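Structural description and commentary
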Amino acid sequence: MAVKFRDYYEVLGVPRTATAEEIKRAYRSLARKHHPDLQPAAERARAAERFKEINEAHDVLSDADKRAKYDALGADWKGGMDFTPPPGARRGPTVTTTDWEDVGDFSDFFASIFGERGGGTRRGGRQVPMPGADIEGELPVTLEEVLRGGQRRITLDDRSLDVTIPRGIRDGATLRLAGQGARSRNGGPPGDVYLHVRLLPHPRYRISGDDLEMDLPLWPWQAVLGADVRVDTPDGPVTLTVPAGTQTGKRLRLRGRGLPRGDKRGDLYAVARVFVPTRPSAEERAAYENLRRLATAPADRPATP
Amino acid sequence: MSVTPLPMHGHVHLTLRELAVACGISPTRLVHLVQLGLVEPDPEAPDHFSSAAAARLRRMLRLRADLGVNLAGAAIIVDLMERLDRLDAEFTRLRGQRWT
């Protein structure tokens, strides 16, 4: 199987004659520029790819043995060429595609020359096993999922994950999936996946802390005389008793119908809004005119609250 | 071949010990970092840390390992990056509003 040649000198932007010092300097400067943790959220995944290349190039060129082995391939190769390793280029048994996964973030090209483990422990430089990179993403959740929990299949970096959304999770919370991130490049543990929860707006309910709020439209006579009305809560319909004399803006509480927090739940508030009939019948008009005649309100219109 | 992924149960909160394991440092060292104010417990759940704190500390440790900054410097970098992300999101939102 052919792999693509990687021009490590080109990746670091140094000539083939570069000194160890020049390679180190080029690496530091590129690492700073392309480090995924220094990129805006949207560009992190792309930067991670570039950063891997830079690290791979640095891993080879900063190690005298590996650099010698790489240089021995000759100067005629160009990045992207189909590459078949010369016989004896790698140690150990034949590397199969599955074995290559052990090199973690390093390329198949790297594995074809240095073997699965990069040709043993590096001399000098950092050899502490570093965890693989974390992958961060957004997890949009619906109000129903907050109320009941749920399961969602998401795609992150071409990988599919079935995520269990815990009941009662909140907007802005972060969900950690341990060990589901990128593999390590040198035998360390894999990275994590961090999902930032974003609560999608709901057409009927507004969220305020642990409580939910909804509009409760009422006819004037219901507001004046009181009424039993049907209200759709997230748990299904209930009958709510609207007391006589309910003003627009009055908050009627339905206890324990809000968002879950631990074993408890917040409340649901139905906010009364009095609507008037836009096209009253002749009888309704007559009734309102009668009402106007009989009205005992002290002023010609209600006082501004 | 299609692979059916297993359901992943994520965590929103971590104990001090769990956070230490999550970030590959010792609990003693984590206590020290908390005392220095480089890692902050969840204001809503004392003795616990949010998963966001884990993401943050891991970022700081990566920045230190990869770029050689110290943790105090890394904390500042992470703060600034978070601020930049918020501003980016706000900018995108405002630009969207202007044309609709």
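Let us look at the structure shown here. (Residues numbered from 1 in each chain as written. Chains lettered and ligands numbered in written order. Predicted model: local features only at pLDDT ≥ 70, side-chain atom pairs only at ≥ 80, totals over all residues. Heavy atoms only, no water.)

**Observations concerning the pattern of salt bridges**
Opposite charge on two side chains allows them to pair when their charged atoms are near. What the rule picks out here adds up to 30 salt bridges over all chains. Measuring nitrogen to oxygen at the nearest pair gives 2.9 Å for the salt bridge that ties Asp192(A) to Arg176(A). Of this pair, Asp192(A) sits in the loop between β6 (174–177) and β7 (193–199) while Arg176(A) is found in strand β6, placing the two residues 16 residues apart along the sequence. When its relative accessible area of 2% is taken as the criterion, Asp192(A) is described as buried. What makes Arg176(A) buried here is its relative accessible area of 10%. Between Arg285(A) and Glu289(A) there is a salt bridge, and its shortest N-O distance comes to 3.6 Å. Here Arg285(A) pairs with Glu289(A), and both are found in helix α9 (residues 282–294), just four residues apart, close to one helical turn. Taken together, the shared-partner salt bridges in this structure form one network comprising Asp37(A), Asp134(A), Arg176(A), Asp192(A), Arg58(B), Arg59(B) and Arg62(B). (Salt bridge = Lys/Arg side-chain N within 4 Å of Asp/Glu carboxyl O. Helix = DSSP H or I, 4+ residues; strand = E, 2+ residues; numbered from the N terminus. Buried < 20%, exposed > 50% of the residue type's maximum accessible area, 1.4 Å probe, protein only.)

**Points about the pairing of strand β3 (residues 135–141) of chain A**
Residue and element names in this part refer to chain A. Residues Ile135, Gly137, Leu139 and Val141 of β3 are buried on one face, while the alternating residues Glu136, Glu138 and Pro140, pointing to the opposite face, are not. In the sheet, β3 pairs with β7 via seven bridges, with the strands oriented parallel. Among the inter-strand pairings, leucine 139 is bridged to a residue of β7, identified as valine 197. (Pairing = 2+ DSSP bridges.)

**Some points on the interface of chain B and chain A**
Counting from both sides, the interface comprises 28 residues of chain B and, opposite them, 39 residues of chain A. Summed over both sides, the interface between chain B and chain A buries roughly 2,700 Å², with carbon and sulfur atoms accounting for 54% of that surface. At the boundary of chain B and chain A, one finds six salt bridges. Between Arg58(B) and Asp134(A) there is a salt bridge whose closest N-O contact spans 2.7 Å. Taken together, the connections running from chain B to chain A amount to eight residue pairs in polar contact (both at pLDDT 80 or more). Of all elements in the fold, only β1 (7–9), α3 (51–67) and α4 (71–98) of chain B reach the threshold of two or more residues within the side of chain B that touches chain A. Per-element tally for the side of chain B that touches chain A: the top contributor is α3(B), with eleven residues. Taken together, the residues of the side of chain B that touches chain A sort by class into 15 nonpolar, six polar and seven charged. (Contact = heavy atoms within 4.5 Å. Buried area = accessible area lost by both parts, 1.4 Å probe. Polar contact = N/O pair within 3.5 Å; in protein donor to acceptor, adjacent residues only side chain to side chain. Nonpolar A, V, L, I, M, F, W, Y, C, P; charged D, E, K, R; others polar.)

**Topic: the sheet that holds β6(A)**
Residues and elements named next belong to chain A. Taken in spatial order, the three strands line up as β3-β7-β6 in an open sheet, and their pairing is mixed. Strand pairing shows two members of the sheet lacking a second neighbour, β3 and β6, which therefore form its edges. Strand-to-strand twist of the sheet, defined as the mean angle between neighbouring strand axes without regard to direction, takes the value 30°. (Axes fitted to C-alpha atoms, helices over the stretch in contact; angles between N-to-C directions.)

**Thoughts on a nonpolar patch on the surface**
Residue and element names in this part refer to chain A. On the surface, a nonpolar cluster with roughly 730 Å² of combined accessible area is contributed by Trp219, Trp221, Val224, Leu225, Phe275, Tyr288 and Leu291. Mapped by element, the contributors of at least two residues to the nonpolar patch are α8 (220–225) and α9. With three residues, α8 is the largest single contributor of residues to the nonpolar patch. In this structure, leucine 225 sits in helix α8. (Patch = residues over 30% accessible without salt bridge, like charges linked within 9 Å, V, L, I, M, F, W, Y side chains within 5 Å. Areas by Shrake-Rupley, 256 points an atom, 1.4 Å probe, with all protein chains shown as cover.)

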